[in-house]
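Geometric and topological summary
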Amino acid sequence: MADTQTQAADLIIIGAGPAGLTAAQYGARANLKTLIIEQLAPGGQALLIGELENYPGYFRRGEGAPSGFDFAQDLQKQAEQFGASFVYDTVSSLKKEGDSFILGMAGGKLLSAPAVILATGSKPRLLEVPGEKEFFGRGVSYCATCDGPFFKGKKMFVIGGGDAACDEALYLSRLASKVVLVHRRDRFRAQSSIAEQVLKNPAVDVRFNTILLEIRGKESKQVNSVILRGASGGDSYEEETDAVFIFAGTIPQTGLLRVNELSGLAFDESGYVITDQNMATGLPGLFAAGDIRAGTFRQVVTACGDGASAAHNAARYIDELKGSAY
């Protein structure tokens, strides 16, 4: 059992993206003492969304679509109003002792709860091309809404072919003198509605079957060109640009699970956590929700659905431990 210096809760949620924030709201509404742990600021990948136009019922009449930041703020306020508490720290260890999970925090605090929801999300996948790491923050970015305004009126490249790449290309088209969207395949992977908007946008130059080989910069360490080549081969060529925004997919944030070697967990071939339809992992009391979970469709709305389901089933699990399930 945990010692007397351990702060106890009923439900602990690791990660405050849309999945974690929704889980916190549902956990608190179920009258569970709910703690949600976040390293930085609530919102996760939603903070990268310039206009959240496809979340059901969230389009404000006469005002257009709110930002992902606004959405995250609303979710946080809801969770807090229902009684969820936020802990801003990093989980350094996670283990199970009897029916309780013990979480060691980087700040030295210990937390315990019978149920834990993993909502740590994912991070951008790197292309691993020359210049990508060297010019990060100096023209290379993974967040158009964060860094796009710094290059207003300039030429920008977007790399990728999924929802994120197309959505961010549309956002940047309102800022840039020109946006070049490069995708290695012959068609987009994005939803058809978003892809059609990109293809019809005169400010976006779409180049299919094209590969980014290198990002180059000036002596001042600022991006000033890219090296491109056709996907089927041929000669490479250099083209000037002021910024490169990369959207090549994501990597699940599962480091905490792998370091602590928790038993019963399973991962798919891409490293995402496998759960059942109740968001439960193979370790009783441990649930997963949002972008960390194995699945085929990653959207804000599905992450929120995951979070609600995970919290609901965590509450049922806790009732079963107490012998009060019905």
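Summarised in this report is the structure supplied together with it. This one's a predicted model, so the numbers in the text were calculated from it and none came from an experiment.

Before going further, it helps to examine the overall build of the chain. When helices and strands are counted, the chain shows 7 helices and 19 strands. For 326 residues, the compact-globule formula gives about 20 Å, and the C-alpha radius of gyration of the chain, at 22 Å, lands near that figure. If you line up the chain on its principal axes, its C-alpha atoms span 70 × 45 × 35 Å. The proportion of buried residues among the 326 residues of the chain is 50%. Intrachain contacts of the chain at a sequence separation of at least 6 include 57% that bridge at least 24 residues. If you sum the accessible surface of the chain, you get close to 16000 Å²; carbon and sulfur atoms cover 47% of it. In the chain, the 32 positive side-chain charges and the 37 negative ones have mean positions that sit 2 Å from each other.

The next subject is the packing of aromatic side chains. This structure, assessed with the given rule, holds 6 aromatic pairs. Ring geometry for Phe86 and Tyr88: centres 6.2 Å apart, planes at 20 degrees, overall stacked. Note on Tyr88: relative accessible area 44%, which makes it partly exposed. Aromatic pair Phe151 and Phe245: ring centres 6.4 Å apart, planes at 85 degrees, arrangement edge-to-face.

If you look at soluble globular proteins, the nonpolar side chains tend to sit buried side by side. Counting residues in hydrophobic clusters, the biggest one holds 35 residues, and the most contacted among them are Ile13, Phe71 and Ile117. Breaking this core down by element, the ones donating at least two residues are strand 2 (11-14), helix 1 (18-29), helix 2 (68-81), strand 8 (115-118) and helix 7 (300-322). The leading source of residues in this core is helix 7, at 9 residues. Membership of the second largest hydrophobic core comes to 24 residues, among which are Ala9, Leu94, Leu286 and Ala288.

Let's shift gears to the environment of Gln78. For Gln78, the location among the structural elements is in helix 2. Taking the C-alpha atoms as reference points, Gln78 and Gly162, separated by 84 residues in sequence, lie 31 Å from one another.

Bringing the environment of Glu97 into the picture now. With respect to the helices and strands, Glu97 occurs in strand 5 (residues 91-97). Overall, the relative accessible area of 27% leaves Glu97 in the partly exposed class. Distance in space between the C-alpha atoms of Glu97 and Arg185 is 49 Å, their sequence separation being 88 residues. Of the polar contacts made by the side chain of Glu97, one reaches the side chain of Lys95; its length is 3.2 Å.

Moving on, we come to the side chain of Ser173. By secondary structure assignment, the location of Ser173 is in helix 4 (residues 163-173). A distance of 2.6 Å separates the side chain of Ser173 from the backbone oxygen of Leu170, its partner in a polar contact. For Ser173, the contacting residues outside a window of four places in its chain are Val179, Asn201, Ala203 and Val204.

The next subject is unusual backbone geometry. The backbone of Asn31 shows a phi angle near 65 degrees, a positive value even though the residue is not glycine. Structurally, the position occupied by Asn31 is in the loop between helix 1 and strand 3 (34-38). Of the residues examined, Asn31 reaches a relative accessible area of 71% and is grouped as exposed. For Met279, which is not a glycine, the phi torsion comes out positive at approximately 70 degrees. Here Met279 lies in the loop between helix 6 (255-260) and strand 19 (286-288). The exposure class assigned to Met279 is buried, which follows from its relative accessible area of 6%.

Once that is clear, we can look at the pattern of salt bridges. Within this structure, the stated rule accounts for 9 salt bridges. The salt bridge partner of Arg216 is Glu214, with a shortest N-O separation of 3.3 Å. For Asp306, the salt bridge is made with Arg293, and the minimal N-O distance between the two is 3.1 Å. Taken together, the positions of Asp306 in helix 7 and Arg293 in the loop between strand 19 and helix 7 put the pair 13 residues apart, joining distant regions of the chain. Each member of the pair, Asp306 as well as Arg293, carries the same accessibility label: buried.

In this section: the sheet that holds strand 13 (residues 204-207). Ordered by their spatial adjacency, 5 strands build an open sheet running 10-17-11-12-13, and the pairing between neighbours is parallel. Both edges of this open sheet fall to strand 10 (140-141) and strand 13, since each of them pairs with a single strand only. In this sheet, strand 17 (residues 243-246) lies alongside strand 10 in parallel orientation, the contact comprising 2 bridges. Residue pairing in the sheet places Ser141 in a bridge with Phe245 of strand 17. Packed onto the sheet, helix 4 meets strand 11 (155-159), strand 12 (178-182), strand 13 and strand 17 and runs at close to 170 degrees relative to strand 12.

With that settled, the discussion passes to helix 2. Here helix 2 is 14 residues long and its end C-alpha atoms lie 20 Å apart, about the 20 Å a rise of 1.5 Å per residue gives. Looking only at helix 2, the buried set comprises Gly68, Phe71, Ala72, Leu75, Gln76 and Ala79. Down the axis of helix 2, the sector holding all buried residues measures 135 degrees, keeping them to one side. At its buried positions, helix 2 is contacted by helix 1, strand 4 (85-88) and helix 7. Where helix 2 terminates, the next one or two residues include Gly83, which has phi positive at roughly 115 degrees.

Definitions and cut-offs
- All residue numbers refer to position in the chain's written sequence, counted from 1.
- Local features are withheld for residues below a pLDDT of 70 in this predicted model, meaning they are given only at 70 or higher, and side-chain atom pairs are given and counted only at 80 or more; totals for whole chains, interfaces and linings count all residues.
- Computation of side-chain values covers all heavy atoms of the structure but excludes hydrogens and water.
- Helix numbering and strand numbering both begin at the N terminus, where a helix is a DSSP run of H or I of at least 4 residues and a strand a DSSP run of E of at least 2.
- Each radius of gyration is computed over the set of C-alpha atoms, and the globule rule expresses the reference value as 2.2 Å times the number of residues to the power 0.38.
- Buried, partly exposed and exposed residues are distinguished by accessible area as a fraction of the type maximum, computed with a 1.4 Å probe on protein chains only: under 20%, between the cut-offs, and over 50%, respectively.
- Any two residues whose heavy atoms approach within 4.5 Å are treated as being in contact.
- Residue burial considers only the protein chains on display, and all accessible areas are found by Shrake-Rupley using a 1.4 Å probe.
- A residue counts as positive if it is Lys or Arg and as negative if it is Asp or Glu; His and the chain ends are not included.
- Charged side chains are reduced to one point each, which is NZ for Lys, CZ for Arg, CG for Asp and CD for Glu.
- Note on aromatic pairs: the rings of Phe, Tyr and Trp (six-membered ring only in Trp) are paired at centre separations within 6.5 Å, and the planes decide the class, stacked below 30 degrees, edge-to-face beyond 60, tilted for the rest.
- In this text, buried Ala, Val, Leu, Ile, Met, Phe, Trp, Tyr and Cys residues form a nonpolar core when linked through side-chain atoms within 4.5 Å.
- Polar contacts, as used here, are pairs of N or O atoms within 3.5 Å; protein pairs need one atom able to donate a hydrogen and one able to accept it. Residues neighboring in sequence count only if both atoms are side-chain atoms.
- For salt bridges, the criterion is a side-chain nitrogen of Lys or Arg within 4 Å of an Asp or Glu carboxyl oxygen.
- Paired strands are those between which DSSP finds at least two bridges.
- Under this scheme, a helix contributes an axis fitted over its contacting stretch, all axes are lines through C-alpha atoms, and angles between N-to-C directions fall in the 0 to 180 degree range.
- Under the convention used throughout, the expected extent of a helix is 1.5 Å for every residue step, that is, one less than its residue count.
- The directions from the helix axis to the C-beta atoms are what the arc is built from.

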